[in-house]
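# Structure at a glance
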Amino acid sequence: MNDLLDIVREKAKQLKKTIVLAEGEEPRIITAAAKAQAEGVAQIVLLGNPRKIAEKCPGANLDGVKIIDIDAIDIKDYAQHLYELRKSKGLDLDSAYKLAKNPLYFGVLMVARGEADGMVAGSVNATGDVLRPALQIIKTAPGIKTVSSCFIMVMDKNSKYGENGIMVFGDCAVNPNPDAQQLADIAIASAGTAVAIAGISPKVALLSYSTKGSAKGELIDKVTTALELVKKARPDLRVDGELQADAALVPTVADLKAPGSTVAGKANVLIFPDLQAGNIGYKLVQRLAGAEAIGPICQGFNKPVNDLSRGCSSEDVVNVVAMTALQSAIN
């Protein structure tokens, strides 16, 4: 199997980014913080009470890890920052203080204020609770209005698909039924993830059940409109659509169905038309092809925030910390 995660960690070490872990009193997070700090993957900030952290993982070596107890510090500047951002939405100062005491909000405020380069959470919090503060405070990257997700699919290096067996699939976890503009945003963000984390040169295929007009209908129109939006926003990207999966992946099929395409038959970034297709697609490849599915990776934020699976291991957390560091380098 590919050694992509080892490469990601090594790249992260060179960047020396600061990543805040908002769920600092969770044992898996504490263990991950100790490992990430010791290996130099990132400078780690843990949010939590030092006594509780020590009780949860008494053997953890947290030398170098910065621990912030939100209840023990003056959060006036953080609350004021949040108030200024959200007062037009009806947030008053008292409510801003209460929200700033929430580690998920405080962590995002640290990122917004330049005190950290990214945040990781989700081991004990739901996805919506993790992403909401980021949407309200950090917001989306310039030119992108949609936060989405992708999986990096890692197959054997000798696989005939992808780039050295590596592909990016989006969106597989966040947007149920994206419109054409959202689909375009997903494509652009997934291409960025392909460069920043997967380390590949993106060849983006917008997937459909039709290839180049072989069928007609609203579902296909959405994909072709998305293609035009991507080309307009990012004329530098190699992107094509609408393409069936075989036309996107198999050169002989591409020659028949999409002759002359610079992407067909060579695609390494697959953009699915909706969440059902994306989720089904990545799980089929994971199970039938034995691929490793790395993710979901959040994308589209102005500064990186990543959501963990609640079933994550401490090793998973270290990997996500490393990926978040790499994302921060391109924001």
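The present account deals with the structure reproduced in this document. (Residues numbered from 1 in each chain as written. Predicted model: local features only at pLDDT ≥ 70, side-chain atom pairs only at ≥ 80, totals over all residues. Heavy atoms only, no water.)

### As for the pattern of salt bridges
Throughout the structure, instances matching the rule amount to 15 salt bridges. Notably, a salt bridge pairs Lys13 with Glu10, separated by 3.0 Å at the nearest N-O pair. Residue Lys13 and its partner Glu10 are located together in helix α1 (residues 4-15), separated by 3 residues, close to a single helical turn. Take Glu10: its relative accessible area is 43%, and that puts it in the partly exposed class. Two residues, Glu26 and Arg28, come together in a salt bridge whose shortest N-O distance is 2.8 Å. Among the residues examined, Arg28 registers a relative accessible area of 22% and is labelled partly exposed. (Salt bridge = Lys/Arg side-chain N within 4 Å of Asp/Glu carboxyl O. Helix = DSSP H or I, 4+ residues; strand = E, 2+ residues; numbered from the N terminus. Buried < 20%, exposed > 50% of the residue type's maximum accessible area, 1.4 Å probe, protein only.)

### Considering the environment of Phe301
Counting through the fold element by element, Phe301 comes out in the loop between β10 (292-299) and β11 (305-307). With a relative accessible area of 4%, Phe301 lands in the buried category.

### Concerning the packing of helix α2 (residues 27-39) against helix α13 (residues 314-328)
Closest axis-to-axis distance for the α2/α13 pair is 8 Å, and the angle between their directions is 55 degrees. Between α2 and α13, the crossing angle belongs to the class labelled oblique. The two elements α2 and α13 meet at a crossing, and its hand is right-handed. Residues Arg28, Ile29, Thr31, Ala32, Lys35 and Ala36 of α2 lie in contact with α13, whose contacting residues are Ser314, Glu315, Val317 and Val318. Class assignment of the residues belonging to the contact of α2 with α13 gives a composition of 5 nonpolar, 2 polar and 3 charged. (Axes fitted to C-alpha atoms, helices over the stretch in contact; angles between N-to-C directions. Parallel < 35°, antiparallel > 145°, perpendicular 65-115°, else oblique. Left-handed = near helix turned anticlockwise from the far one by under 90°. Contact = heavy atoms within 4.5 Å. Nonpolar A, V, L, I, M, F, W, Y, C, P; charged D, E, K, R; others polar.)

### Observations regarding unusual backbone geometry
Here the amide bond leading from Gly241 into Glu242 is cis, since omega sits at -10 degrees, within 30 degrees of zero. Relative to the assigned elements, Glu242 resides in strand β8 (residues 238-243). In this structure, the amide linkage connecting Gly295 to the following residue, Pro296, adopts the cis form with an omega of 5 degrees. As for its placement among the helices and strands, Pro296 is situated in strand β10.

### A word on the sheet that holds strand β7 (residues 203-207)
Read from one edge of the open sheet, 6 strands run β8-β7-β9-β6-β5-β10, paired in mixed fashion. Each end of this open sheet is capped by a strand with a single partner; those strands are β8 and β10. Within the sheet, the average angular offset between the axes of one strand and its neighbour, ignoring direction, is 20 degrees. Relative to β8, β7 runs parallel, the two being bridged by 5 bridges. The partner of Leu207 across the bridge, within β8, is Leu243. Contacting β5 (148-154), β6 (166-170) and β10, α1 crosses the sheet at an angle of about 40 degrees to β10. (Pairing = 2+ DSSP bridges.)

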